[in-house]
Structures are given as C-alpha cells and as structure tokens.
Amino acid sequence: MDIHEHQAKEILAQFGVPVPRSGLAFSPEQAAFRCRELGGGRCVVKAQVHSGGRGEAGGVKLCDGDAETREYAATLLGTTLVTKQTTASGKRIDRLWVEEASQIARELYLGFVLDRKSERIMIVASGHGGMEIEDLAETDPDSLIRMVIDPAAGLVEYQARELSYQLGLEGQQVGQMVTVLKACYRAYRDLDAMMVEINPLVVCEDGALVALDAKMSFDTNALFRRPQVGALRDPGQEDPRESLAADHGLAYVGLDGDIGCIINGAGLAMASMDMIQLAGGAPANFLDIGGGASPERVCQAFRTVLSDSNVSVILVNIFAGINRCDWIASGVIQAYTELGIAIPVVVRLSGTNVDAGRKLIAESGLPIISANTLAEAAEAAVAARPPALAA
Ligand code: GDP
Ligand code: MN
C-alpha cells in the first residue's frame with residue numbers, strides 16, 4: 001500500500017528525520033494561507049499523488065508569494081497528473097503540500113528496500129539524487145551504494161557512518177546522516193514498510209540535511225496489526241479494478257495472458273498458473289478468492305476477471321477446505337445468470353461438499369467444462385481457447 005508524500009514526511013519526522021516546515025491544502029485559498037503561514041515568501045507547491053516523477057510532469061513548482069501559490073494551486077487541483085510512473089490516465093490531484101523553499105547545495109538519494117536475495121533490508125544510496133537517479137540506475141548501476149542490514153544487530157553506528165563518508169558527507173553532516181538513517185530504519189521496521197525512499201535528501205546551503213521528498217509503501221498483509229498505517233489509505237489513488245477486488249476480499253494481480261483464473265489459496269493459484277504454462281497457455285491474472293467464499297464473492301471474482309478484455313477462457317480451480325464446493329458452484333451459476341458469460345468456463349472442484357458442488361454444476365444445464373485434477377483442468381482450459389489463440 002502506498003501513501004502520500006506528506007503522510008510519509010509526517011511519519012518520518014516523528015522518527016527524527018528533518019523535513020521542511022509545510023502544510024496541507026485542499027483548495028487554492030488554503031494553499032495561499034499555507035504560504036502566508038510559512039512567512040509569505042518563496043514556497044514549493046507539490047501535487048500529492050501516489051507517484052514519483054511529479055517534478056518533470058509539472059506537479060512541483062517553486063512559487064513566489066501567496067498570490068502565485070493560489071494561482072498555481074488552482075491550475076493543479078481537480079486535474080490529473082500523468083507522470084513516467086503512472087498509466088496514461090494519470091492520477092487525480094485532490095490535495096497539495098505547500099512547503100517552505102530550501103536552498104539546495106547537494107541532492108542525495110536514499111532508499112530502504114527489501115532485498116529478496118539476502119532476505120534483508122538493504123540501503124541503496126547515491127551522491128547524485130534528484131530527478132536523474134533513475135537514469136543513473138540504468139546507465140551506471142555500479143555507482144549506487146548498497147548496504148545490507150543484519151536484522152539481529154540492526155543498523156549499527158559504524159555502518160551508518162561508513163555510508164555517510166561514501167556519500168562524501170563530512171563534519172556535522174555525518175552525525176545528521178546517522179540520525180536520518182537510523183530513523184528511516186526504525187520507521188521501516190516498526191511499521192512493516194516495504195520501501196522508504198527520500199529523493200532528494202538535500203544538503204542545504206547552511207549545511208543542514210533535509211528530506212525534500214519522501215515515499216513509503218507498506219506490506220498489505222501486515223496492515224491488520226498497523227491500523228494507524230491502514231488509516232492512511234487513499235482509495236482515490238488506487239487502480240479501481242484492484243481496489244474493487246480488495247474491497248471484496250480478493251487478491252488480484254493482472255498479467256499478460258488470456259486464461260482468467262479464479263482459484264482459492266495463493267499456493268494453489270501459483271501452481272495453477274504453472275500448470276497452465278506447462279499445458280502451453282498463459283494466465284491472464286492471479287486471483288485468490290480466499291477462504292469461506294460466498295456465492296456473491298465468487299460472482300464478484302468473475303466480474304473482476306471479466307473486466308480484462310484479453311480473457312478468452314476462465315479456469316476455476318478450488319481445493320475446498322474452509323471453502324465449500326456447493327457455494328463455489330452456486331457462485332459460478334450466479335455469475336452465468338448475472339454476467340451473461342459468453343466464453344468457455346472450466347471448473348475443477350475438490351474437497352468439502354464436492355459431491356453437492358458437482359451435482360449443482362451438472363444439473364445447471366450450463367456449458368461448463370468439468371475437470372477432476374489440476375492437470376486436467378489446465379489442459380482443458382488451454383484446449384478451450386479460440387483457435388486463433390491456440391495456434
Ligand atoms: P518527484 O519529482 O515526484 O520525485 O518530486 P520531488 O519532491 O522530488 O520534487 C522534484 C524536484 O523539485 C526535486 O528533485 C528538487 O530538485 C525540486 N525541489 C523540491 N523542493 C524544492 C525546494 O524546496 N527548493 C528547490 N529549489 N527545489 C525543490
Ligand atoms: Mn522525488
């Protein structure tokens with residue numbers, strides 16, 4: 001789950017990261033008020049959308065005084081911002097962050113990510129931060145400094161100092177950098193983050209280190225124990241298909257193939273996608289309907305999968321433990337009635353109430369293709385594709 005820049009800054013500030021004075025605005029008048037609150041001089045107006053690359057896209061602007069701030073805020077609010085990182089439809093700007101302008105001497109890059117290879121939190125840093133960092137990551141990836149953190153020891157002082165020296169910091173900036181690094185690491189650990197990024201982390205002309213931008217994203221599976229993080233969710237910034245699926249308790253990830261998948265359990269979903277590939281097909285999505293799925297939830301899963309126009313076949317694969325095959329079957333039948341399904345549907349049911357489920361399907365009179373095993377289901381789905389795709 002992503003959050004806004006201003007939310008990330010508020011969190012990081014609580015952990016001890018220095019950030020500029022600033023305030024939130026939902027209207028041009030409020031933005032002008034924020035500017036006056038900061039002294040009425042130069043301030044930076046920043047579109048709050050879940051995306052980076054706002055600077056290049058015109059979503060970040062240095063304004064001189066409250067009149068200019070109001071004017072610029074009026075041009076941004078209510079529009080959508082398309083950046084390198086968004087889709088072509090962009091993200092809606094509903095709020096702005098108005099910040100006192102900083103006198104920048106140097107821009108650094110600092111990120112904390114989960115390194116899957118070492119299974120540890122890793123710091124990625126660069127002495128060349130700001131808007132060019134992505135180019136640098138492509139053209140000269142070796143210039144990025146990487147440092148893996150041992151979870152038993154945590155981020156230790158000497159590591160933090162070493163990183164500061166590698167970034168070319170000296171004197172009192174080293175101490176400030178150590179504070180920033182430790183604060184980010186604490187925030188990452190304490191809040192089950194997946195990513196913390198400060199770009200740019202700037203050295204101001206007076207020598208102070210300040211976070212000018214901040215990005216955090218969180219592990220959705222840990223939100224149940226971080227309600228204060230979950231409260232920061234902004235559905236207005238999410239892909240409507242994925243948030244609709246999430247609202248119905250479905251874990252959905254869109255893929256490139258044409259075989260739509262409705263499966264229970266992440267493990268079985270992964271195995272089914274492998275079996276589809278093995279049979280010569282390609283999955284259109286990952287979808288886990290979860291445990292105890294009601295007919296309505298199954299029907300909603302169909303709706304979600306069918307919203308992808310590439311889907312030419314649907315494969316339903318259920319190994320019911322907590323789930324009930326008769327409920328799944330009712331859901332499939334309900335989907336036919338409510339959604340008018342015109343493509344082949346392969347159903348494989350196994351486990352709790354399987355006989356009742358199969359009976360419902362058999363007696364429905366619908367053209368559902370039944371399969372008994374996972375391999376059979378995958379092969380049937382691949383075979384049921386329109387000839388053009390099967391070629
Ligand atoms: P992003 O493009 O979405 O990553 O947005 P940023 O918050 O990083 O802003 C983009 C760029 O605007 C930064 O890399 C800075 O160079 C510049 N910028 C942001 N805040 C200030 C500021 O207070 N003063 C000045 N002069 N530039 C700023
Ligand atoms: Mn940035």
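Just so it is clear, the structure is predicted and the values come from calculations on it, not from any experiment.

A.B. asks: Summarise the overall build of the protein; cite the residues concerned and give the values.
C.D. replies: Along its length, the protein carries 14 helices and 18 strands. Structurally, the protein occupies a C-alpha span of about 80 × 50 × 40 Å along its principal axes. Put simply, the protein has 391 residues, and 49% of those count as buried. Of the contacts made within the protein by residues no fewer than 6 positions apart, 69% connect residues no fewer than 24 positions apart. Put simply, the protein shows about 17900 Å² of open surface, and 52% of that area lies on carbon and sulfur atoms. With 34 positive and 50 negative side-chain charges, the protein shows a separation of 4 Å between the mean positions of the two kinds.

A.B. asks: Just give me the short version of the nonpolar core, but keep the residues and values in it.
C.D. replies: Leu110, Phe112 and Met216 are the most contacted members of the largest nonpolar core, which totals 43 residues. Broken down by element, this core gets its largest block of residues, 10 residues, from helix H6 (residues 172-190). For Leu110, the residues in contact, after removing those within four places along its chain, are Ile123, Val124, Ala125, Met177, Val180, Leu181, Cys184, Val196, Glu197, Ile198 and Leu201.

A.B. asks: Please give an account of the UniProt feature "domain: ATP-grasp" (unreviewed entry) in the protein that cites residues and values.
C.D. replies: The positions that UniProt labels "domain: ATP-grasp" (unreviewed entry) are, in the present scheme, residues 9-229. A distance of 13 Å separates the end C-alpha atoms of residues 9-229, which is 31% helix and 30% strand.

A.B. asks: With reference to specific residues and values, describe helix H5 (residues 157-166).
C.D. replies: Buried residues of H5: Gln159, Ala160, Leu163 and Ser164, and no others. All buried residues of H5 project into a common sector of 140 degrees when viewed along the axis, lining one side. With respect to the buried face of H5, the exposed residues turned more than 90 degrees away are Tyr158 and Tyr165. Buried-residue contacts for H5 involve strand E8 (120-126), strand E9 (145-148) and H6. At the exit of H5 stands Gly168, carrying a positive phi of roughly 80 degrees.

A.B. asks: Could you give me a rundown of the site of ligand 1, with the residues and numbers involved?
C.D. replies: Around ligand 1 there are 18 residues in total, and Lys46, Arg54, Gly55, Ser102 and Glu107 lie nearest to it. Between ligand 1 and Gly55, the relevant distance is 2.8 Å, taken from an oxygen atom to a main-chain nitrogen or oxygen of the residue. Bound to the protein, ligand 1 loses 84% of the 560 Å² it would expose on its own. Secondary-structure elements contributing two or more residues to the shell around ligand 1 are strand E2 (42-47), strand E7 (104-115) and strand E10 (193-204).

A.B. asks: Describe in detail the coordination of the manganese ion (ligand 2), supporting the description with residues and values.
C.D. replies: Only Asn199 (O) and Asp213 (OD) from the protein reach the manganese ion (ligand 2) as donors, at distances of 2.2 Å. With Asn199 in strand E10 and Asp213 in the loop between strand E11 (209-211) and strand E12 (215-218), this pair connects stretches of sequence that are 14 residues apart.

A.B. asks: Describe the UniProt feature "binding site: ATP" (unreviewed entry) in the protein, with residues and values.
C.D. replies: Within this numbering scheme, the UniProt entry marks Lys46, Gly53, Arg54, Gly55, Glu99, Ser102 and Glu107 as carrying the feature "binding site: ATP" (unreviewed entry). Tracing the backbone shows Arg54 in the loop between E2 and strand E3 (60-64). Apart from residues lying up to four places away in sequence, Arg54 is in contact with Glu5, Lys46, Ala47, Gln48, Val49, Gly59, Val60, Leu81, Thr83 and Asp213. Its location among the elements puts Gly55 in the loop between E2 and E3. With sequence-adjacent residues up to four places away left out, Gly55 is seen in contact with Val60 and Met131.

A.B. asks: Go over helix H2 (residues 28-37) with me, naming the residues and quoting the values.
C.D. replies: Residues Pro28, Ala31, Ala32 and Cys35 constitute the buried set of H2. One side of H2 holds all its buried residues, which, seen down the axis, span an arc of 100 degrees. The first or second residue beyond H2 is Gly39, which carries a positive phi of 115 degrees.

A.B. asks: Could you give me a rundown of the pairing of E2, with the residues and numbers involved?
C.D. replies: Burial analysis of E2 places five of its six residues in the buried class, the great majority of the element. Across five bridges, the pairing between E2 and strand E6 (residues 96-100) is antiparallel. Pairing of Val45 across the sheet is with Val98, part of E6.

A.B. asks: Account for the domain arrangement of the protein, naming residues and giving values.
C.D. replies: By the assigned domains, the protein splits into domain 1 (1-19 + 103-238), domain 2 (21-101) and domain 3 (239-390). Each of domain 1 and domain 3 has a C-alpha centre, and these two points are 40 Å apart.

A.B. asks: Report on the side chain of Asp288, specifying residues and quantitative values.
C.D. replies: Within the secondary structure layout, Asp288 lies in strand E15 (residues 285-288). Among buried Asp, Glu, Lys and Arg side chains, Asp288 stands out as unpaired, with Arg297 the closest opposite charge at 6.9 Å. Within the structure, the side chain of Asp288 is placed 2.8 Å from the backbone nitrogen of Gly290, a separation counted as a polar contact. Setting aside residues up to four positions removed in sequence, Asp288 forms contacts with Gly249, Leu250, Ala251, Ile263, Asn264, Gly265 and Ala266.

The rules we used
- For every chain, the first residue of the written sequence is number 1, and numbering continues from 1 onward in sequence order.
- All chains are assigned letters beginning with A, and all ligands numbers beginning with 1, in the order in which they are written.
- Confidence filtering applies because this is a predicted model: local features only for residues at pLDDT of at least 70, side-chain atom pairs given and counted only at 80 or more, and all residues used for totals across whole chains, interfaces and linings.
- Only heavy atoms go into the side-chain values, all of them from the structure, while hydrogens and water stay out.
- Secondary structure elements are taken from DSSP: a helix is a run of H or I of four residues or more, a strand is a run of E of two residues or more, and numbering for both begins at the N terminus.
- Under the scheme applied here, a residue whose accessible area is under 20% of the maximum for its type counts as buried, over 50% as exposed, and between as partly exposed, the area being computed with a 1.4 Å probe on protein chains only.
- The contact definition used throughout considers only heavy atoms, calling two residues in contact when any of these lie within 4.5 Å.
- The accessible surface values rely on the Shrake-Rupley method and a 1.4 Å probe; as for residues, cover is taken only from the protein chains in view.
- Only four residue types enter the charge count, namely Lys and Arg as positive and Asp and Glu as negative; His and the chain termini do not.
- A charged residue contributes its charge at one atom only: NZ of Lys, CZ of Arg, CG of Asp or CD of Glu.
- The set of buried Ala, Val, Leu, Ile, Met, Phe, Trp, Tyr and Cys residues whose side-chain atoms join them within 4.5 Å is what this entry labels a nonpolar core.
- UniProt positions are given in the numbering used here, feature names are shortened, and annotations may be inferred rather than shown by experiment.
- In this description, one arc is meant: the one made by directions from the helix axis to the C-beta atoms.
- Throughout, the term near means that a residue has one or more heavy atoms lying within 4 Å of the molecule or strand in question.
- In the analysis that follows, any N or O atom pair within 3.5 Å is treated as a polar contact, provided that within protein one partner can donate a hydrogen and the other can accept it, and provided that, for residues neighboring in sequence, both atoms belong to side chains.
- Each metal site lists N, O and S donors within 2.8 Å (3.2 Å for Na, K and Ca). With water left out of the atoms, a site can look as if it is missing ligands.
- Should DSSP find at least two bridges between two strands, the strands are regarded as paired.
- Bear in mind that the domain bounds are from an automatic or database domain assignment.
- Within this document, salt bridges are pairs made up of a side-chain nitrogen of Lys or Arg and a carboxyl oxygen of Asp or Glu, the two lying within 4 Å of each other.

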